[in-house]
Amino acid sequence: MSASSFATDTLEPYVSPEVAAKYLGISRRELLAHTRSGRFVGHAVDPNARRKDWRFKISELDAAMSHPTPVTQNSYNAKRQPGTRKAS
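Each chain has its residues counted from 1, following the order in which its sequence is written. For this predicted model, a pLDDT threshold of at least 70 governs which residues receive local features, and a threshold of 80 or more governs which side-chain atom pairs are given and counted, while totals over whole chains, interfaces and linings are taken from all residues. Where side-chain values are given, they derive from all heavy atoms of the structure, hydrogens and water being excluded.

Caption draft 1: Examining the overall build of the protein more closely. The secondary structure content of the protein amounts to three helices and two strands. Evaluated residue by residue, the protein yields a buried proportion of 23% over its 88 residues. Taking all contacts inside the protein whose residues are at least 6 apart in sequence as the whole, residues at least 24 apart take part in 55%. Total accessible area on the protein stands at roughly 6,500 Å², and carbon and sulfur atoms take up 54% of it. Helix and strand assignments come from DSSP, with helices taken as H or I runs of at least 4 residues and strands as E runs of at least 2, each series counted from the N terminus. Only protein chains enter the accessibility calculation, which uses a 1.4 Å probe. A residue is then buried if its area is under 20% of the maximum for its type, exposed if over 50%, and partly exposed in between. Any two residues whose heavy atoms approach within 4.5 Å are treated as being in contact. All accessibility values rest on the Shrake-Rupley procedure with a 1.4 Å probe; residue burial counts only the protein chains present in the view.

Caption draft 2: Region of the structure containing helix 2 (residues 28-37). If you check which residues of helix 2 are buried, you get Leu31, Leu32 and Thr35. One face of helix 2 carries all of its buried residues, which in axial projection span an arc of 95°. In the core, the buried residues of helix 2 are packed alongside helix 1 (17-24), strand 2 (54-55) and helix 3 (58-66). The positive-phi residue at the C-terminal boundary of helix 2 is Gly38, with phi of around 100°. Directions pointing from the helix axis toward each C-beta atom define the arc.

Caption draft 3: Structural context of the nonpolar core. In this description, a nonpolar core means a group of buried Ala, Val, Leu, Ile, Met, Phe, Trp, Tyr and Cys residues linked to one another through side-chain atoms lying within 4.5 Å. Grouped together as the largest cluster of nonpolar side chains are 12 residues: Val15, Ala20, Ala21, Leu24, Leu31, Leu32, Phe40, Ala44, Trp54, Phe56, Leu61 and Ala64. Breaking this core down by element, the ones donating at least two residues are helix 1, helix 2 and helix 3. Among the elements that take part in this core, helix 1 stands out by supplying three residues, more than any other. If near-sequence neighbours (up to four positions away) are discounted, Leu24 is found in contact with Leu31, Phe40, Leu61 and Met65.

Caption draft 4: Structural detail: the pattern of salt bridges. Each reported salt bridge corresponds to a side-chain nitrogen of Lys or Arg within 4 Å of a carboxyl oxygen of Asp or Glu. This model, assessed by the stated rule, comprises two salt bridges. Note that Glu18 and Arg28 form a salt bridge whose closest N and O atoms lie 2.7 Å from each other. Within this pair, whereas Glu18 is found in helix 1, its partner Arg28 is found in helix 2, the two being separated by 10 residues in sequence. A salt bridge links Asp53 to Arg55; the shortest N-O distance between them is 3.0 Å. Taking relative accessible area as the criterion, Arg55 reaches 27% and is therefore assigned partly exposed.

Caption draft 5: Here's a closer look at the packing of helix 1 against helix 3. An axis is simply a line fitted to the C-alpha atoms; with a helix, the fit covers only the stretch in contact. Between two such axes, the angle follows the N-to-C directions and lies from 0 to 180 degrees. At their nearest, the axes of helix 1 and helix 3 sit 11 Å apart, and the two run at 40° to each other. Seen along the crossing, helix 1 lies across helix 3 with a hand that is right-handed. For the pair helix 1 and helix 3, contact is made by Ala20, Tyr23 and Leu24 and by Ile58, Leu61, Asp62 and Met65, respectively. All amino acids are sorted into three groups, where Ala, Val, Leu, Ile, Met, Phe, Trp, Tyr, Cys and Pro are nonpolar, Asp, Glu, Lys and Arg are charged, and the leftover types, Gly among them, are polar. A per-class count over the contact of helix 1 with helix 3 returns six nonpolar, no polar and one charged. Handedness of a helix crossing follows the sense of rotation of the near helix relative to the far helix, less than a right angle counterclockwise being left-handed and clockwise being right-handed.

Caption draft 6: Geometry of the environment of Lys57. Considering the arrangement of structural elements, one finds Lys57 in the loop between strand 2 and helix 3. Lys57 sits 43 residues away from Tyr14 along the chain, and the two C-alpha atoms are 5.1 Å apart. In contact with Lys57, other than residues within four places in its own chain, are Glu12, Pro13 and Tyr14.

Structure below.
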């Protein structure tokens with residue numbers, strides 16, 4: 001596939017937590033809490049970092065709001081077992 005045939009207008013950009021929270025009408029802190037719990041899908045810039053730097057896709061946030069589902073798995077909660085505490 002050549003670079004000229006690659007349609008960049010079909011790629012959805014990632015947005016910061018601030019933009020995502022404003023879009024949803026909630027606080028940044030609330031958005032991040034929902035992301036850590038798995039309610040919203042978030043993409044950690046560095047999944048191995050102790051302190052996550054999250055990015056979001058508006059389409060995924062829309063899907064989570066329009067079709068409430070059980071907790072989704074993301075890079076934060078995938079390593080934790082239900083009922084366990086986070087290591088200090």
